[in-house]
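This is what each chain is made of:
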Amino acid sequence: MKLVRYGLRGAEKPGIVDADGVVRDLSNVVEDIAGPALSPNSIKAIREVDIASLVPVRPERLGPCVGRVGKFICIGLNYSDHAAESKMAVPKQPVIFMKATSSICGPNDEIVLPRGSMKTDWEVELGVVIGKEARYAPIEDALSYVCGYCVINDLSERAFQLEGTGQWVKGKSADTFGPIGPWLVTADEIPDPQNLNLWLEVDGHRYQDGSTRTMVFDIPYLISYLSSFMSLQPGDIISTGTPPGVGLGQEPQVFLREGNVIRLGIEKLGEQRQRVIAFEKSPFGKDAE
Ligand code: ZN
């Protein structure tokens, strides 16, 4: 199933995409695509609904495909060729960092350059959405904790991230630095998450073109590993790292500027499209006036 959230920012409603690609309102079935609604029992209940009986809608905006995300956990340098372009060693254990959940936005929302940003960069990533509480999950059972998958753009301000700031979270957490969606695709539709092509273009130039095959640490390993340090809850998201082709790795380096248009996608999980705008021209900048 493809689950979505649609409507104005902060007031999104749950929906499901039918076989013809039409979004239908799921409000009478679940309150939101979030938390407990992602549990195996809830997913089973959604699956039993007669989709044709749900009201079709024509959303002007898709929101992030998961609401009320508790933890937005990212894996750094999880593709060896991306570690090489970043001039960093392939880690012996997964590198973990967090993004502020306030960075989460819809798949096609505008990307807002933070004030003073000169080095905002892109990263297409496979997102893993947790559906069941996990503690010390065994590797061989780890995929049973997954509700589904989605496309993520892990935007990063490289100066804030890397230039003397001590750790990465400052460069990863600005508003709009975490578009997720368009859909949460349930795990049954993705039998092999380690064999998905993923790509990203800026103004029509393809910078990233990879496959989840080349992850250093695969998804079962990551879930098991993370759950040995913290419990994972329904609605937590793990962003599993980016393949090569980020702006930081270009020669000369390329970073996002106002007016750029980013398109990215993952096989079977849909596409995102974002226009880049300056903070002062964003809803946040206008609020500040
Ligand atoms: Zn990343």
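Model, not experiment: these values are computed from the prediction.

**Student:** Which parts of the structure should I look at to understand the pairing of strand β1 (residues 2–6)?
**Tutor:** For a regular strand, side-chain orientation follows a simple rule: the groups alternate between the two sheet faces. Among the 5 residues in β1, 4 count as buried, and that is most of the element. Pairing of β1 with strand β14 (residues 184–186) involves 2 bridges; the strand directions are antiparallel. Each residue of the ladder has a partner; that of lysine 2, found in β14, is valine 185. Across 5 bridges, the pairing between β1 and strand β2 (residues 13–17) is antiparallel. Across the sheet, the residue bridging to valine 4 is glycine 15, located in β2.

**Student:** I would appreciate a short explanation of the side chain of serine 42 in the present structure.
**Tutor:** Structurally, serine 42 is set in helix α1 (residues 40–47). Its relative accessible area of 14% is what places serine 42 among the buried residues. Look past the residues within four positions of serine 42 in its chain and what remains in contact with it is Val30, Pro36 and Ala37.

**Student:** Where do I start with the sheet that holds strand β10 (residues 124–130) in this structure?
**Tutor:** Paired through their backbone hydrogen bonds, the strands of a sheet run either parallel or antiparallel. Taken in spatial order, the 10 strands line up as β4-β3-β2-β1-β14-β11-β10-β17-β5-β6 in an open sheet, and their pairing is mixed. Edge strands, defined here as strands with exactly one partner in the open sheet, are β4 (56–57) and β6 (95–98). Bridge analysis of β10 against strand β11 (residues 146–153) gives 7 bridges, and the strand direction is antiparallel. By the bridge assignment, leucine 126 is partnered in β11 with valine 151.

**Student:** How should the coordination of the zinc ion be read in this particular structure?
**Tutor:** Coordination of the zinc ion by the protein comes from Glu123 (OE), Glu125 (OE) and Asp154 (OD), over a distance range of 1.9 to 2.1 Å. One chain supplies every donor for the zinc ion, spaced along it as E-x1-E-x28-D. When its relative accessible area of 4% is taken as the criterion, glutamate 123 is described as buried. Taking the relative accessible area as the measure of exposure, glutamate 125 reaches 1% and is therefore buried.

**Student:** Whenever I open this one, empty space enclosed by the protein confuses me. Can you help?
**Tutor:** Under the definition given, this model contains 1 cavity of 30 Å³ or more. In this structure, the largest cavity is lined by 18 residues; those nearest its centre are Leu77, His82, Glu123, Gln161 and Trp168. Mapped onto the lining of the largest cavity, the elements with two or more residues apiece are β5 (72–76) and α3 (158–162). Counting residues per element, the lining of the largest cavity draws most heavily on α3, at 3 residues.

**Student:** Can you walk me through the pairing of strand β18 (residues 261–266) in this structure?
**Tutor:** The element β18 is extensively covered by neighbouring structure, given that 5 of its 6 residues are classed as buried. Relative to β18, strand β15 (residues 197–202) runs antiparallel, the two being bridged by 5 bridges. Within β18, the residue paired with valine 202 across the bridge is isoleucine 262.

**Student:** In this structure, what is going on with the layout of surface pockets? I would like to understand it.
**Tutor:** Empty space among the atoms becomes apparent when a probe as large as a water molecule is rolled across them. Counted as a void, the largest pocket has a volume near 280 Å³. Lining the largest pocket are 18 residues, with Arg9, Pro64, Thr101, Ile104 and Cys105 positioned closest to its centre. Taken together, the residues of the lining of the largest pocket sort by class into 6 nonpolar, 6 polar and 6 charged.

Reading the values: rules and limits
- Residues numbered from 1 in each chain as written.
- Predicted model: local features only at pLDDT ≥ 70, side-chain atom pairs only at ≥ 80, totals over all residues.
- Heavy atoms only, no water.
- Buried < 20%, exposed > 50% of the residue type's maximum accessible area, 1.4 Å probe, protein only.
- Helix = DSSP H or I, 4+ residues; strand = E, 2+ residues; numbered from the N terminus.
- Pairing = 2+ DSSP bridges.
- Contact = heavy atoms within 4.5 Å.
- Donors = N, O, S within 2.8 Å, 3.2 Å for Na, K, Ca; no water.
- 1 Å grid on protein atoms, 1.4 Å probe; cavity = no way out; pocket = protein on both sides within 12 Å on 5 of 7 lines; lining within 4 Å.
- Points joined across faces, edges and corners; volume = space filled by probe spheres on them.
- Nonpolar A, V, L, I, M, F, W, Y, C, P; charged D, E, K, R; others polar.

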